[in-house]
Amino acid sequence: MAVRNVQNYIDGRFVSSSSPKQLDVHNPATGDVIGRVPLSTAAEVDAAVQAAKRAFDGWRRTPPVKRAQHLYKFKFLLEEHFEELAKSITAEHGKTVDESRGSLRRAIECVEVAIGIPTLMKGEALEDAGPSIDVMAMRRPLGVFAAITPFNFPIMVPLWFLPFAVATGNTFVLKPSEQVPMSMQRVFELLEQCAFPPGVINMVNGQKEAVDAILSHPDIKGVSFVGSSPVAKYIYETGAQNGKRVQALGGAKNFLVIMPDADMEKSVAAAVESCFGCAGERCLAGSVILAVGQAHEMLRERVVEAAKKIRVGDGLDPAVTMGPVISAKHKERVLSYIQKGIDEGAKLLLDGREIGKKENGYFVGPTVFADVDPSMVIAREEIFGPVICISKVDSLEEAMRIIEGHPLGNTTSIFTSSGKAARDFQYNVAVSMVGINVGVPAPMAYFGFGGTRGSFFGDTKAHGQESLNFYTDKRVIINRWFS
Ligand code: NAD
């Protein structure tokens, strides 16, 4: 297969980066090089921002209903190229094609919701707020916005932002993950057919230099970030110091609470899918199962049996149910956590290390630890790989204390048939995306998406109504006419 050189998209056309620095992009299932991505310079970021700035005035004056027409066309093209894009995600990320399809469906959902912008963006008005005084509040775009995205959802996470940013009348610069730049390259080819005016949408590939150029650029009004927590914190602090709106979604360590009264078959199936789906590389992936009381004995063997049924291999093979992890480096990281778990004294019920030894790609098999103390490193740190930790706890209250004591708070789920336990959990647990008998509680595009504590820095979350607040300023007009 030909190795493709990834380009930037600036001012309505594809341009090759002039940066001498570039990285190889690998297919993680084979280790083959499938592309080369430039590490663009600050000057290239500036060119994209200048184009976006020039485009802003015309675009913001374009009626929302007309702006939405470009997104209708985009939605149509995403549907038309659905299978091709799903395979592209699998080729550069490794997840199964079915998982890629699911993420693409979620991406398209964001476009569909943003198409409702003429309704979503309507403001407020009050007649006779005072004597002969009418007051209204109108949502107005702010200018140029940027988004910096992670490797684990090559198309979905960029589309958490792009459709809402441009639907609201802002112009946009994307910096995709340098590990998975190929699918967004193809998406921008489709966007080129949607006839956005030059400069409305831009893409600059790269790494830290490009990110820092975004954070310090005086003409960027706001930055969205999704990635690991240390970088999210850096983005939030630096962007805020430079006077920008920032929403920075960080890493995760997600706890699944299984009560003794849960439907064990269905709950274990959902928990195992949560932990091993996308090879554990989802910010909503379960990581630690907190088995309450009797649930511990009831689920241990079931988890191992379900994990053994997983077929590891190239995600393009329809028989495969779990693909590789993203890179050789990340594989080493996951393996080092497995070793840490053993060293810490957790009981290794299923060892995924053997699978990786036989293949060229970056494979780690499903791994299950039991007798995990919540203070162990494997129960504390984000592994972002196919490793389940099972801990026994005595009560729901103890489970919630462990969850609250963890510095990250992205998502959590409870499995139970008790309405009381479910209500206690949804009301009291200290996490802001909560599942009840749902393994991966991913908010739909018409709700906000984001965690709490060390998993989220900012106040307005991604997509849904929240993103309307992020991308607009509400101008209040107080109106009086003298008679
Ligand atoms: P990452 O933090 O390494 O990279 C994310 C982005 O930041 C990339 O575009 C990268 O180029 C850039 N970047 C990396 N290091 C940087 C630095 N030092 N300075 C400036 N920019 C830098 O994250 P990743 O490995 O690509 O993605 C996995 C992480 O993302 C996991 O921690 C996962 O939990 C998290 N994630 C969170 C959510 C969420 O909704 N909270 C969603 C998806 C992924």
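Placed above this text is the structure.
Residues numbered from 1 in each chain as written. Predicted model: local features only at pLDDT ≥ 70, side-chain atom pairs only at ≥ 80, totals over all residues. Heavy atoms only, no water.

A. View of the overall build of the protein chain. Assigned secondary structure in the protein chain consists of 17 helices and 23 strands. The C-alpha atoms of the protein chain give 23 Å as radius of gyration, which agrees with the globular expectation for 483 residues (23 Å, within 12%). Considered along the principal axes of its C-alpha atoms, the protein chain spans approximately 80 × 60 × 40 Å. The proportion of buried residues among the 483 residues of the protein chain is 58%. Considering only residue pairs separated by 6 or more positions, the protein chain has 74% of its internal contacts joining residues 24 or more positions apart. Here the protein chain displays about 19,400 Å² of accessible surface, and carbon together with sulfur accounts for 53% of that area. Treating the 53 positive side-chain charges of the protein chain as one cloud and the 54 negative ones as another, the clouds have centres 4 Å apart. (Helix = DSSP H or I, 4+ residues; strand = E, 2+ residues; numbered from the N terminus. Rg over C-alpha atoms; globule rule 2.2 N^0.38 Å. Buried < 20%, exposed > 50% of the residue type's maximum accessible area, 1.4 Å probe, protein only. Contact = heavy atoms within 4.5 Å. Areas by Shrake-Rupley, 256 points an atom, 1.4 Å probe, with all protein chains shown as cover. Lys, Arg positive; Asp, Glu negative; His and termini not counted. Charge placed at Lys NZ, Arg CZ, Asp CG, Glu CD.)

B. Region of the structure containing the site of the ligand. If you check the shell around the ligand, you find 25 residues, and the closest are Thr149, Lys175, Glu178, Ser228 and Glu382. Take Gly250: an N or O atom from its main chain is 2.8 Å from a nitrogen atom of the ligand. In this structure, Glu382 approaches the ligand through a side-chain N or O atom, which is 2.6 Å from an oxygen atom. Taking 850 Å² as the accessible area of the ligand by itself, protein coverage stands at 86%. When each cavity is represented as a set of grid points, the ligand is found to reside in the largest pocket. Looking at the shell around the ligand, the elements with two or more residues in it are helix H8 (208-216) and strand S11 (220-226). Taken together, the residues of the shell around the ligand break down into 13 nonpolar, eight polar and four charged. (Near = heavy atom within 4 Å. Polar contact = N/O pair within 3.5 Å; in protein donor to acceptor, adjacent residues only side chain to side chain. 1 Å grid on protein atoms, 1.4 Å probe; cavity = no way out; pocket = protein on both sides within 12 Å on 5 of 7 lines; lining within 4 Å. Sits in = over half its atoms within 2 Å of the grid points. Nonpolar A, V, L, I, M, F, W, Y, C, P; charged D, E, K, R; others polar.)

C. View of the packing of helix H2 (residues 64-80) against helix H4 (residues 97-115). Interaxial distance between H2 and H4 falls to 9 Å at its minimum, and their mutual angle equals 160°. Relative to H4, the element H2 is oriented roughly antiparallel. Considering how the two elements wind past one another, H2 and H4 form a crossing that is left-handed. In this structure, H2 uses Ala68, Leu71, Tyr72, Phe74, Lys75, Leu78 and Glu79 to contact H4, whose residues at the interface are Arg105, Ile108, Val111, Glu112, Ala114 and Ile115. Among the residues forming the contact of H2 with H4, the class breakdown is nine nonpolar, no polar and four charged. (Axes fitted to C-alpha atoms, helices over the stretch in contact; angles between N-to-C directions. Parallel < 35°, antiparallel > 145°, perpendicular 65-115°, else oblique. Left-handed = near helix turned anticlockwise from the far one by under 90°.)

D. Highlighting the layout of surface pockets. Considered as a void within the structure, the largest pocket measures approximately 1,100 Å³ in volume. Taken together, 41 residues form the lining of the largest pocket, with Phe151, Ser177, Glu178, Gln179 and Ser228 sitting closest to its centre. Residues of the lining of the largest pocket, tallied by class, amount to 20 nonpolar, 13 polar and eight charged. Counting contributing residues, the lining of the largest pocket receives three or more from each of domain 1 (4-250 + 455-479) and domain 2 (254-436). If you add up the space inside the second largest pocket, you get close to 350 Å³. (Points joined across faces, edges and corners; volume = space filled by probe spheres on them. Domains from an automatic or database assignment.)

E. Representation of empty space enclosed by the protein. Summed over the entire model, instances satisfying the criterion amount to two cavities of 30 Å³ or more. Each pocket or cavity is described by its volume, and for the largest cavity that value is around 110 Å³. Lining the largest cavity are 15 residues; nearest its centre among them are Gly280, Ala285, Gly286, Ser287 and Phe384. Tallied by class, the residues present in the lining of the largest cavity amount to seven nonpolar, five polar and three charged.

F. Seen up close, H2. Along its 17 residues, H2 runs 25 Å from first to last C-alpha, staying within 8% of the 24 Å computed at 1.5 Å per residue. Here the buried face of H2 lies against helix H1 (42-61), helix H3 (82-93), H4, helix H5 (117-120), helix H6 (156-167) and helix H7 (182-192). (Expected span 1.5 Å × (residues − 1).)

G. Structural context of the state of the cysteines. Tallied over the entire structure, the rule returns zero disulfides. Lacking any disulfide linkage, Cys194 is separated from the closest cysteine sulfur, that of Cys110, by 16 Å. Take Cys278: it sits in no disulfide, and the sulfur closest to it among the cysteines is that of Cys283, at 10 Å. For Cys278, a relative accessible area of 3% translates into the label buried. (Disulfide = S-S within 2.5 Å.)

H. Spatial organisation of the nonpolar core. Counting 62 residues, the largest nonpolar core has Trp160, Phe172 and Phe188 as the members making the most contacts within it. Here the element with the most residues in this core is H6; it accounts for 10 residues. Both domains that furnish three or more residues to this core are identified here as domain 1 (4-250 + 455-479) and domain 2 (254-436). Setting aside chain neighbours within four positions, we find Phe172 in contact with Ala52, Phe145, Ala146, Ala147, Phe161, Leu162, Ala165, Val166, Val200, Ile201, Asn202 and Tyr471. (Core = buried A, V, L, I, M, F, W, Y, C linked by side-chain atoms within 4.5 Å.)

I. Inspection of the pattern of salt bridges at higher detail. Throughout the structure, instances matching the rule amount to 25 salt bridges. For the salt bridge of Arg101 with Glu83, the shortest nitrogen-to-oxygen distance reads 2.8 Å. One end of the pair, Arg101, is in helix H4; the other, Glu83, is in helix H3, with 18 residues separating them in the sequence. The class of Arg101 is partly exposed, set by a relative accessible area of 28%. The shortest N-O distance in the salt bridge between Glu124 and Lys474 comes to 2.6 Å. Highlighted residues: Glu124 in strand S6 (residues 124-130) and Lys474 in strand S23 (residues 472-480), separated in sequence by 350 residues. Owing to a relative accessible area of 36%, Lys474 belongs among the partly exposed residues under this scheme. Salt bridges sharing common partners tie together Arg4, Glu84, Arg186 and Glu189. (Salt bridge = Lys/Arg side-chain N within 4 Å of Asp/Glu carboxyl O.)

J. Up close: the sheet that holds strand S17 (residues 387-393). Strand order in the open sheet formed by seven strands is S15-S16-S17-S14-S13-S19-S20, and the pairing between neighbours is mixed. Each edge of the open sheet is held by one strand with a lone partner, namely strand S15 (347-350) and strand S20 (434-436). Across the sheet, the mean angle separating the axes of adjacent strands is 20° when strand polarity is ignored. In the sheet, strand S19 (residues 412-415) pairs with S20 via three bridges, with the strands oriented parallel. Within S20, the residue paired with Ile414 across the bridge is Ile436. Together, S15, strand S16 (367-370) and S17 form the strand contacts of helix H12 (residues 328-344), whose direction differs from that of S16 by roughly 25°. (Pairing = 2+ DSSP bridges.)

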